[in-house]
Structures are given as structure tokens and as C-alpha cells.
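Spelled out from the first residue to the last, the chains are:
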Amino acid sequence: MATLTESRPVVRAPRRRGAGPRGRRRREAAAAYGFLAPDLLGLLVFVALPMVLALGIALYEVDGFGGYTFVGLDNFKAMADDPLLLKSVRVTVTYVVMFVPLAFVVSLALALLVRDHFPGVGFVRAAFFVPNVISLVVTGLLWQFLLADKQGVVPRLLRPLGLGDVSWLGTPSLALPALVLISVWFLMGNQMLIFLAALKDIPGEYEDAARVDGAGPWQRFRHVTWPLLRPTSFFVLVTSLVNAVTGLQAFDLVYVVSKGGPDNSTSTVVYYIYEQAFSEGHYGYAAAITTTAVAFLMVVTAVLFATTRGGRFHAE
């Protein structure tokens, strides 16, 4: 006897609103904006708002006691006739030219050194990164002690080479290079981790294929690793440029180690802004210099993005 199966209509649950691909994208976008909100709020309050206020103050002469006198563009015009500002600009440009390439090469070399696993690689990575977790004030005091004339650790180590009497922080031609080396020592661990993350993201099959084709280490780096590191390299270069012009090491190290001396040989633009504002009381003039420096960085960054497509150097 055949069993008769009664066919019943299939009842489907009503589709929830927003359950499709479009709703999923909306939820993901909302979550992304939620994660970005604290950073965006911080940028608005601590970066964008001070920039607007600085631009407003730059149009006034401020006496420091609540008195504001509108002077228009006089503060901007005065910058062209300020020899100390021009010298600070030259010092900053020299610092950028020395620091950015050196920090880039050192951090990339360290990342390549600790990319592959070997016994103690974790300790080596941590040792390279340790300087970055030390306060810049502590870093400045430490190197001031190490470079102290004749009695410091560095002069004593260099004494057999006849360099024991060299004043690293007291000679105008040596003070700025010394600050550059200290800055590289401080930031190399941070940039090393950025490069290391990018290196780890490169599929190993690419280098294996190049190795099978007979490519040596330099050829594999030049034709495989380096092209894939271009976006990361662009990011490191831009952030290094910003740090060298307006970053903490451009002020903190100068303030702690050299106070802009000797003979203003280490007076960066950021340190000169501080002197004009808090030592001379020229708040409007300091705001004008700040506005000009920020505008210059924005233009340079925009040009770099436009010419390199964010470090890709080719169309997608």
C-alpha cells in the first residue's frame, strides 16, 4: 500500500529589515564610524580647533594680558624680515634632510634583520623598540649625560680614537647631527615595527618563486620586496617628515638637550615658536609662524599624495 504524502505549503519567516547585503554594509559602516569617532573627536578638538584659533590669533597683536589689537597680515609680513626665523627654517630643513632618510634606512634595515625567525628574535625586537617607550624628556636627559664634555660615556669611549675632547653638544657644527642621531635612536623601533608588519604581509610564495628563478638576495629585495613596500614606505616618509618639522622630538629634545644652542644651531621652527610665544610674549607672531608651518606641511603632503598616488606610483 503506497504511502501518500500530503503536500503542505512552505511557510517562510518574514525577512527582517536590514538583513540583506545592503543592511550588512550599513551595519559595518556604522561600526567603523563608531570605532573612528573617538579619534575624529580628538582630531577635531585637539588639532582642527587649535589650528583655526591660531589662524585667528595670527591676525592680532596679543600682549598676554587679554589685550588684542588687530594688525591684519603684519605678523605674516614680519616673518620675511626675521633673521632668527630664517635661521630656524634652515636648521629645520637641515634636520629634515638628515633625519628622514637616515631613520628610513635604519628602520627598514632593522625590520629586514628581524623579519625571519631565529633564536632570541623576540628579545632583539623588544630591544630595538625599547627607546620608543621612554619619555622624550628622559631620553634627552640620558643623552645629555652620555654626551657630556670629557666626562660623558661617549667621549670616554672615543678617547682612544682621539675624540675624547670633542664637545658634541657645544660645537655648532656637531650639535644638530647629534640631535639627529638621538632622534633616529628614539624612533627607529616604531618605524621598524611598521616595516616589519608590511614585510610579514608579503606572501612568501613571491620570494620563493624569485629564488627558484635564481634571483639573489639583492634582486629579490629590489624586484619583489621593495615594490610591495612602497605604500608603507610612503607612510613612513610622510610621518617622518611631519615629526621632523612639528613632532615632539623637534621640540622636546631641543628644549631638554640644547635649548636651541649653541648659537641657535639647533633652534628648530617649533622651538622658535615656543620662544616667541612664552619667552618674548609675541603670541600673535608665534601663531602666524605656526599657521604658516602647518599650511606648508599640508601642501607638501598633498603634493606627495598627488604625485605618488599614496605611494603606489601607478594606477590601480
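These numbers come from a predicted model, not from an experiment.

(A) Main features of the environment of Tyr-255. Structurally, Tyr-255 is set in helix H11 (residues 252-258). Residue class for Tyr-255 comes out partly exposed when judged on its relative accessible area of 34%. A sequence separation of 114 residues divides Tyr-255 from Leu-141, and the C-alpha atoms of the two residues are 10 Å apart. Not counting chain neighbours up to four residues away, the residues in contact with Tyr-255 comprise Tyr-271 and Tyr-274.

(B) Local environment of the layout of surface pockets. Taken as a whole, the largest pocket holds about 380 Å³ of empty space. Considering every element that reaches the lining of the largest pocket, the biggest residue donor is helix H3 (residues 83-113), with seven residues. Of the residues belonging to the lining of the largest pocket, the class tally is 13 nonpolar, two polar and no charged.

(C) Up close: the packing of aromatic side chains. Throughout the structure, instances matching the rule amount to 16 aromatic pairs. Between Tyr-95 and Phe-99, the aromatic rings sit 5.6 Å apart at their centres with planes inclined by 10 degrees, giving stacked as the arrangement. On the criterion of helical spacing, the pair formed by Tyr-95 and Phe-99 is a turn pair, its members being four residues apart in helix H3. The exposure class assigned to Tyr-95 is buried, which follows from its relative accessible area of 3%. Using a relative accessible area of 0% as the deciding quantity, one classes Phe-99 as buried. On the numbers, 6.1 Å between centres and 90 degrees between planes, the contact of Phe-104 with Trp-226 is edge-to-face. Of this pair, Phe-104 sits in helix H3 while Trp-226 sits in helix H9 (residues 217-228), and the two are 122 residues apart along the sequence. Three or more aromatic residues joined by ring pairs make a cluster, and in this case those are Phe-251, Tyr-255, Tyr-271, Tyr-274, Phe-278 and Tyr-283. The ring of Tyr-255 carries the charged tip of Lys-259 above its face, separated from the ring centre by 4.6 Å.

(D) Structural context of the environment of Ile-57. Here Ile-57 is to be found in helix H1 (residues 21-57). Counting along the chain gives 88 residues from Ile-57 to Phe-145, while the straight-line C-alpha distance between them is 39 Å. Excluding its chain neighbours within four sequence positions, the residues that come into contact with Ile-57 are Val-62, Tyr-283, Gly-284 and Ala-287.

(E) Here's a closer look at helix H13 (residues 283-308). Across its 26 residues, H13 extends 37 Å between first and last C-alpha, which sits within 8% of the 38 Å expected from 1.5 Å per residue. Residues Gly-284, Tyr-285, Ala-286, Ala-287, Ala-288, Ile-289, Thr-291, Ala-293, Leu-297, Thr-301 and Thr-308 constitute the buried set of H13. On its buried face, H13 is in contact with H1, strand E1 (60-62), helix H2 (74-79), H3, helix H10 (230-246) and helix H12 (269-279).

(F) Examining H9 more closely. With 12 residues, H9 extends 16 Å from end C-alpha to end C-alpha; this agrees with the ideal 16 Å at 1.5 Å per step. Looking at the buried positions of H9, the neighbouring elements they touch are H3, helix H7 (172-200) and helix H8 (204-212).

(G) Focus on the pattern of salt bridges. Taken as a whole and assessed by the stated rule, the structure comprises four salt bridges. Residue Glu-207 is joined to Arg-115 by a salt bridge in which the shortest nitrogen-to-oxygen separation is 3.2 Å. Of this pair, Glu-207 sits in helix H8 while Arg-115 sits in the loop between H3 and helix H4 (121-133), and the two are 92 residues apart along the sequence. Owing to a relative accessible area of 14%, Glu-207 belongs among the buried residues under this scheme. Assessed through its relative accessible area of 18%, Arg-115 is described here as buried. Two residues, Arg-211 and Asp-208, come together in a salt bridge whose shortest N-O distance is 3.0 Å. Of the two residues, Arg-211 and Asp-208 both sit in helix H8, three residues apart, roughly one turn of that helix.

(H) Local environment of a nonpolar patch on the surface. On the surface, a cluster of nonpolar side chains totalling about 1100 Å² of accessible area is made up of Tyr-33, Leu-36, Leu-40, Leu-41, Leu-43, Leu-44, Val-45, Phe-46, Val-47, Met-51 and Met-298. Residue contributions to the nonpolar patch peak at 10 residues, all from H1. Along the polypeptide, Leu-36 turns up in helix H1. Taking relative accessible area as the criterion, Leu-36 reaches 44% and is therefore assigned partly exposed.

(I) Broad picture of unusual backbone geometry. Of note, the bond from Gly-261 into Pro-262 is cis; its omega dihedral lies within 30 degrees of zero at -5 degrees. Even without being glycine, Asp-263 reaches a positive phi, approximately 55 degrees. Structurally, Asp-263 is set in the loop between H11 and H12.

Conventions we followed
- Residues numbered from 1 in each chain as written.
- Predicted model: local features only at pLDDT ≥ 70, side-chain atom pairs only at ≥ 80, totals over all residues.
- Heavy atoms only, no water.
- Helix = DSSP H or I, 4+ residues; strand = E, 2+ residues; numbered from the N terminus.
- Buried < 20%, exposed > 50% of the residue type's maximum accessible area, 1.4 Å probe, protein only.
- Contact = heavy atoms within 4.5 Å.
- 1 Å grid on protein atoms, 1.4 Å probe; cavity = no way out; pocket = protein on both sides within 12 Å on 5 of 7 lines; lining within 4 Å.
- Points joined across faces, edges and corners; volume = space filled by probe spheres on them.
- Nonpolar A, V, L, I, M, F, W, Y, C, P; charged D, E, K, R; others polar.
- Phe/Tyr/Trp six-rings, centres within 6.5 Å; stacked < 30°, edge-to-face > 60°.
- Lys NZ or Arg CZ within 6 Å of the ring centre and 35° of its normal.
- Expected span 1.5 Å × (residues − 1).
- Salt bridge = Lys/Arg side-chain N within 4 Å of Asp/Glu carboxyl O.
- Patch = residues over 30% accessible without salt bridge, like charges linked within 9 Å, V, L, I, M, F, W, Y side chains within 5 Å.
- Areas by Shrake-Rupley, 256 points an atom, 1.4 Å probe, with all protein chains shown as cover.

Nothing here speaks to function; it is geometry throughout.
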